[in-house]
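# Structural features, examined
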Amino acid sequence: MTPNTSRRTTSQTSGSVDPSTKLASLETRLSDAFTPNGHFLDTATIGLPPKIAIEKMDEVLKGWQEGTLYTPDFDVSVRNSLTHFSELVGVEAVNCAIVPQVSITTAMVAGSLPEGSTVLLAEEDFTSVLFPFFVQGDLGRLKLRVVPLERLYESMTQEVDLVAVSAVQSADGRVVDLEILSSLCEEHSIKSYLDLTQAAGWKQIPGYRFDVLAASAYKWLCSPRGTGFMAVSPSAQGWLKPFNAGWYAGTDPWTSIYGSPLRLSEQAWRYNVSPDWFGYYAAAPTLALLSEIGTEAIEAHNVHLANLLRSELGIASSNSAIVSLKTDTPLEEFMAANIQTSVRAGKTRITFHLYNDASDVEVAAKVLARGVR
């Protein structure tokens, strides 16, 4: 993949501007775009939509109710969504496709590798990244190396054919150094597959440096569940098989809905899975908003808030928007303080996104101070 040179830069301002001033300006701008009730600190489970997405969903539901929808018009929303996703992860839109869930892309990657290939995995990873490879391992097609995430880099040797990992870990927010990962892949000629579900939408991603990317859009991309994306580099399109090909994998889907012969798009569109029409109708303006703001500003905002909380609790700063804590504070205490969060892998998981500000940090810190250990 090559970098997308048309990427918006509206969030970038002069380096002389105080970072806190830029973040405050961003929060002010977004104060009417999102309308959370209380302190929502659970984006890693499900992101909140902006008001424009709800307006679009209301619009499409009304059209459905009245029988006024013209279904080919949904292709515009799909293509716009793909374009904005490509801008957010640093790839060309022509190399992107739509998939409803990450596991579908994982299964395509696992099934496309030659028999006997060695795949390197992180043992703590989300199972949508792991299970399709495990199935191929059980079938005897693939050899698997499953190591702790902290040993991933040292395990990338000449014997490995593909490495598959989440850019940001779902359970605890650990961030993979994508520069190191891509350099090791290049050094050892290792194919790469990244799950961006916990990264796309808040973290700057050099997506052009990897073979295959996948992301469910209902978390940090703030879109309806059932919308998602994949990106495939031109070289990877030579080996990744479109096992899920259907009518929407054709160059013009409305001319590939019946009969033979096989006629798939020559571009990444051939990996498309039939779209959730309503979902992408709402996703397109949401992704446009995120792309306009830019991941540089979003990452700075989210990590700043996460580190404010870490500072309040006396723990080391990090480069993640996800704060994972061992605490004795039960979820009921968070709920009583009108905080929505979650527990993953035995720890409280608190996340920060565009609709959060310092008031969320303050409230969360007061509840957590009683139980962090």
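Going by the structure above, here's the rest.
Structure report, in brief. (Residues numbered from 1 in each chain as written. Predicted model: local features only at pLDDT ≥ 70, side-chain atom pairs only at ≥ 80, totals over all residues. Heavy atoms only, no water.)

## As for the sheet that holds strand E3 (residues 118-122)
To summarise the sheet geometry, strands pair through backbone hydrogen bonds and adopt either a parallel or an antiparallel arrangement. The cut-off we apply is this: Strands qualify as paired when DSSP identifies two bridges or more between them. Runs of E in the DSSP output that reach at least two residues are strands. Runs of H or I that reach at least four are helices, and both are numbered from the N terminus. Whenever a helix is involved, its axis is fitted only over the stretch in contact; in every case the axis is a line through C-alpha atoms, and angles between N-to-C directions fall within 0 to 180 degrees. Contact criterion: two residues are considered in contact whenever any of their non-hydrogen atoms come within 4.5 Å of each other.
As summarised here, the arrangement of the 7 strands in space is E2-E8-E7-E6-E5-E3-E4, forming an open sheet in which the pairing is mixed. Strands with a single pairing partner mark the edges of an open sheet, and in this sheet they are strand E2 (96-98) and strand E4 (143-147). Between one strand and the next, the sheet's axes are offset by a mean angle of 15°, whatever the strand orientation. Sheet topology places E2 next to strand E8 (residues 228-232); 3 bridges connect them, and they run antiparallel. Across the sheet, cysteine 96 pairs through a bridge with alanine 231, a residue of E8. The strands touched by helix H4 (residues 102-112) within the sheet are strand E5 (162-166), strand E6 (191-195), strand E7 (212-216) and E8, with E7 carrying the most contacts at an inclination of about 160°. Across the sheet, helix H6 (residues 178-188) is in contact with E5 and E6; its angle to E6 comes to roughly 155°.

## Thoughts on a nonpolar patch on the surface
Which entries qualify depends on this criterion: Patches in this entry comprise residues that are over 30% relatively accessible and not in a salt bridge; like charges within 9 Å are linked, as are nonpolar side chains (Val, Leu, Ile, Met, Phe, Trp, Tyr) within 5 Å. Surface accessibility follows the Shrake-Rupley procedure with a 1.4 Å probe radius. Residue values consider only the protein chains on display as shielding. Just to be clear on terms, a salt bridge is a Lys or Arg side-chain nitrogen sitting within 4 Å of an Asp or Glu carboxyl oxygen.
A cluster of nonpolar side chains, Leu61, Trp64 and Leu69, forms an exposed patch at the surface whose accessible area comes to about 300 Å². With respect to the helices and strands, the residue tryptophan 64 is situated in helix H2 (residues 51-66).

## Points about the packing of aromatic side chains
What counts here: Pairs were defined over the aromatic rings of Phe, Tyr and Trp, the Trp ring being its six-membered one, requiring ring centres within 6.5 Å. Orientation was assigned from the angle between planes: stacked under 30 degrees, edge-to-face over 60, tilted for the rest. Ring-over charges, as used throughout, are those where CZ of Arg or NZ of Lys falls within 6 Å of the ring centre and within 35 degrees of the ring normal.
Under the definition given, this model contains 13 aromatic pairs. With a centroid separation of 5.3 Å and 65° between ring planes, the pair formed by tryptophan 64 and phenylalanine 278 is classed as edge-to-face. Placement of tryptophan 64 in helix H2 and of phenylalanine 278 in helix H7 (residues 277-293) is noted, with a sequence separation of 214 residues between them. Three or more aromatic residues link up through ring pairs in this structure, and these residues are Trp64, Phe74, Trp277, Phe278 and Tyr281. A cation over an aromatic ring shows up here: lysine 191 above the ring of tryptophan 239, its NZ or CZ 5.5 Å from the ring centre. In this arrangement the basic side chain of arginine 225 is found over the ring face of tyrosine 218, its NZ or CZ atom lying 4.5 Å from the centre.

## So, unusual backbone geometry
Basically, it comes down to this: Note on classification: 1.4 Å probe, protein chains only; a residue is buried when its accessible area is under 20% of the maximum for its type, exposed when over 50%, partly exposed between these limits.
The omega angle of the peptide bond from serine 260 to proline 261 is 0°, so this bond is cis rather than trans. Mapped onto the elements of the fold, proline 261 is located in the loop between E8 and H7. One non-glycine residue, serine 189, adopts positive backbone phi at about 55°. Looking at the secondary structure, you find serine 189 in the loop between H6 and E6. Relative accessible area serves as the criterion here: at 63%, serine 189 is assigned to the exposed category. Even without a glycine there, the phi angle at cysteine 222 is positive, about 55°.

## A closer look at the packing of helix H3 (residues 74-89) against H7
Spelled out, the test is: Two helices that cross are described as forming a left-handed crossing if the nearer one is turned anticlockwise from the farther one by less than a right angle, and a right-handed crossing if clockwise. Note on residue classes: Ala, Val, Leu, Ile, Met, Phe, Trp, Tyr, Cys and Pro are nonpolar, Asp, Glu, Lys and Arg are charged, and everything else, Gly too, is polar.
Packing of H3 against H7 brings their axes to within 8 Å, and their N-to-C directions diverge by 35°. Remark: the crossing between H3 and H7 carries left-handed chirality. Each of Phe74, Ser77, Val78, Asn80, Ser81, His84, Glu87 and Leu88 in H3 lies in contact with H7, whose residues at this interface are Trp277, Phe278, Tyr280, Tyr281, Ala283, Ala284, Leu287, Ala288, Leu290 and Ser291. A class-by-class count of the residues in the contact of H3 with H7 yields 12 nonpolar, 5 polar and 1 charged.

## Some details on the nonpolar core
For clarity, the cut-off: In this description, a nonpolar core means a group of buried Ala, Val, Leu, Ile, Met, Phe, Trp, Tyr and Cys residues linked to one another through side-chain atoms lying within 4.5 Å.
Formed by 63 residues in total, the largest nonpolar core has its most connected members in Val89, Leu181, Leu196, Leu221 and Phe229. Among the elements that line this core, the one with the most residues is H7, at 6 residues. Excluding residues within four positions of it along the chain, valine 89 makes contact with Leu196, Ala200, Ile205, Pro206, Gly207 and Leu213.

## A few points about the packing of H2 against H7
The criterion, for reference: Here roughly perpendicular refers to angles of 65 to 115 degrees, roughly parallel to angles under 35, roughly antiparallel to angles over 145, and oblique to all remaining angles.
Running from amino to carboxyl end, H2 crosses H7 at an angle of 150°, the nearest separation of the two axes being 8 Å. Between H2 and H7, the interaxial angle falls into the category roughly antiparallel. Crossing handedness for the pair H2 and H7: right-handed. Across the interface between the two elements, Ile52, Ala53, Lys56, Met57, Glu59, Val60, Leu61 and Trp64 from H2 touch Phe278, Tyr281, Ala282, Pro285 and Thr286 from H7.

## Focus: the pattern of salt bridges
Tallied over the entire structure, the rule returns 8 salt bridges. Linking glutamate 179 and arginine 209 is a salt bridge whose minimum nitrogen-to-oxygen distance equals 2.3 Å. You can see glutamate 179 sitting in helix H6 and its partner arginine 209 sitting in the loop between E6 and E7, a full 30 residues away along the chain. Arginine 209 gets classed as partly exposed once you look at its relative accessible area, which sits at 28%. Note that glutamate 299 and lysine 203 form a salt bridge whose closest N and O atoms lie 3.1 Å from each other. With glutamate 299 in helix H8 (residues 295-313) and lysine 203 in the loop between E6 and E7, this residue pair connects regions lying 96 residues apart in the sequence. Several salt bridges converge on common partners, so that one network encompasses Glu124, Asp172 and Arg174.

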